[in-house]
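# Structure assessment
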Amino acid sequence: MDATFRRTMTSVTDLIFPVNRRKDELQHRIVPKNHEYVTNLPLQMALYFNTFFFPFWFIGCLVILELKWQRLDELYRIVLVAIYIVYFIIECIRLYLGYLGNLMERVPELAGSWLLTLLLSFPLIILLVANDNAVLLPFERALHIVMALFVVAEVILGYLAIRTMVDYQVTKYHLQQFSDMEQLEDNDYFPETRYTS
Amino acid sequence: MQSTGLVPARFLTIIAHLVLVIVIFWTREENIRACLPEDYTTSQYDDKDLEMLIGLSVTLGFFLVELIGFMGGITMFMNFQGLISTVAHSAAAITLSYFLFDAWPCEWYWYIFGFCSAFPALMEIIYIVGIMCFRKGY
């Protein structure tokens, strides 16, 4: 399952972050120095602080939900409980993947985290912030605003981080191909090892 | 330099204070009514409302200063400033909870503002100026 995940993430990353490779550009950036790293610091900070903020956000949400349970319609009771459960699971997964992917410079994990953030967390938190039908109390609104700021920051920073990382690693692999071309046999070439991990 | 717990603690107390200030933005009527006499006029209410609004907005401005200093990394690892900030903001979070739950009169907010918003922001500005201009802490 891990290999399938990597293959899927690699193909998605190729689709969304194409490497614009021009011959002269590659030759100018010929030397990726060995001590250079492409971990994105703002993204790492955002994920770190988000990890600390998330338990308190969740406890606050549960308390508020319990307080306003009587006033909610049937529909919003179900919807809010579903949203909180899904958000909890997704948040744990994406924070872990993002933290690990960014720190170890592993593109599949980081891409998975970014996709989860963009496709799941972002719509859900926008729904929580802006939906007045669900009896939005001020405390809840303040908590959701802080969380939404984190998610938006992670979407933007994640995009930049993945783009930088993909460019760097493809360049490095491309050069590595030339340096040890004698040792590279044809049946050893798997597309997903393009991202060194 | 064992400061590994201070950075998240500082962040969480700043966020707690921030969340409570935002809540007070939306629910200030009860506190304003607590500091006016029984028979208040609309103009008195509006005066006090404006006062509270100004106080809360300046608090948000000070938050911005402190967050720039903290998140921008300028004073993130300075332990003394971190200690001041953590203590001040956690005191503010506790007192603001009482402010909300017990419907304190709105004048008491200025005390909380002075000790717990203005003071850390002032120290932050002093540190930032010291780092930028006088190369302190390098």
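- The name an unreviewed UniProt entry assigns to chain B is Transmembrane protein 107, from the organism Elysia chlorotica.
- Recorded in UniProt for chain B, the comment headed Subcellular location (unreviewed entry) runs: "Membrane".

- Under an unreviewed UniProt entry, the name given to chain A is Transmembrane protein 17B, and the source organism is Elysia chlorotica.

### Here we look at the packing of aromatic side chains
Residue and element names in this part refer to chain B.
- Per the stated rule, a full pass over the model turns up 24 aromatic pairs over all chains.
- Aromatic side chains Phe 99 and Trp 104 sit 6.3 Å apart centroid to centroid with 85 degrees between the ring planes, which places their arrangement in the edge-to-face category. The pair formed by Phe 99 and Trp 104 is uniform in burial state, with each residue classed as buried.
- Consider the rings of Trp 104 and Trp 108, whose centres lie 5.4 Å apart with planes at 65 degrees: the pair is edge-to-face.
- The structure contains a cluster of three or more aromatic residues connected by ring pairs, namely Phe 62, Tyr 98, Phe 99, Trp 104, Trp 108, Tyr 109, Trp 110 and Phe 113.

### Digging into the interface of chain B and chain A
- In this assembly, 14 residues from chain B lie in contact with 14 residues from chain A.
- Regarding the contact of chain B and chain A, the summed buried area is about 1200 Å², with carbon and sulfur atoms giving 94% of it.
- Counting across the interface, chain B meets chain A through zero salt bridges.
- For the pair chain B and chain A, the interface holds zero residue pairs in polar contact (both at pLDDT 80 or more).

### Observations regarding the nonpolar core
- Phe 53 and Trp 57 of chain A are the most contacted members of the largest nonpolar core, which totals 74 residues.
- Not counting residues up to four positions away in its chain, the partners in contact with Trp 57 of chain A are Tyr 84, Tyr 87, Ile 125, Leu 128, Leu 143, His 144 and Met 147 of chain A.
- Grouped together as the second largest cluster of nonpolar side chains are five residues, Met 78, Met 123, Tyr 127 and Ile 131 of chain B included.

Cut-offs used in this document
- Residues numbered from 1 in each chain as written.
- Chains lettered and ligands numbered in written order.
- Predicted model: local features only at pLDDT ≥ 70, side-chain atom pairs only at ≥ 80, totals over all residues.
- Heavy atoms only, no water.
- UniProt positions renumbered as here; feature names shortened; annotations may be inferred.
- Phe/Tyr/Trp six-rings, centres within 6.5 Å; stacked < 30°, edge-to-face > 60°.
- Buried < 20%, exposed > 50% of the residue type's maximum accessible area, 1.4 Å probe, protein only.
- Contact = heavy atoms within 4.5 Å.
- Buried area = accessible area lost by both parts, 1.4 Å probe.
- Salt bridge = Lys/Arg side-chain N within 4 Å of Asp/Glu carboxyl O.
- Polar contact = N/O pair within 3.5 Å; in protein donor to acceptor, adjacent residues only side chain to side chain.
- Core = buried A, V, L, I, M, F, W, Y, C linked by side-chain atoms within 4.5 Å.

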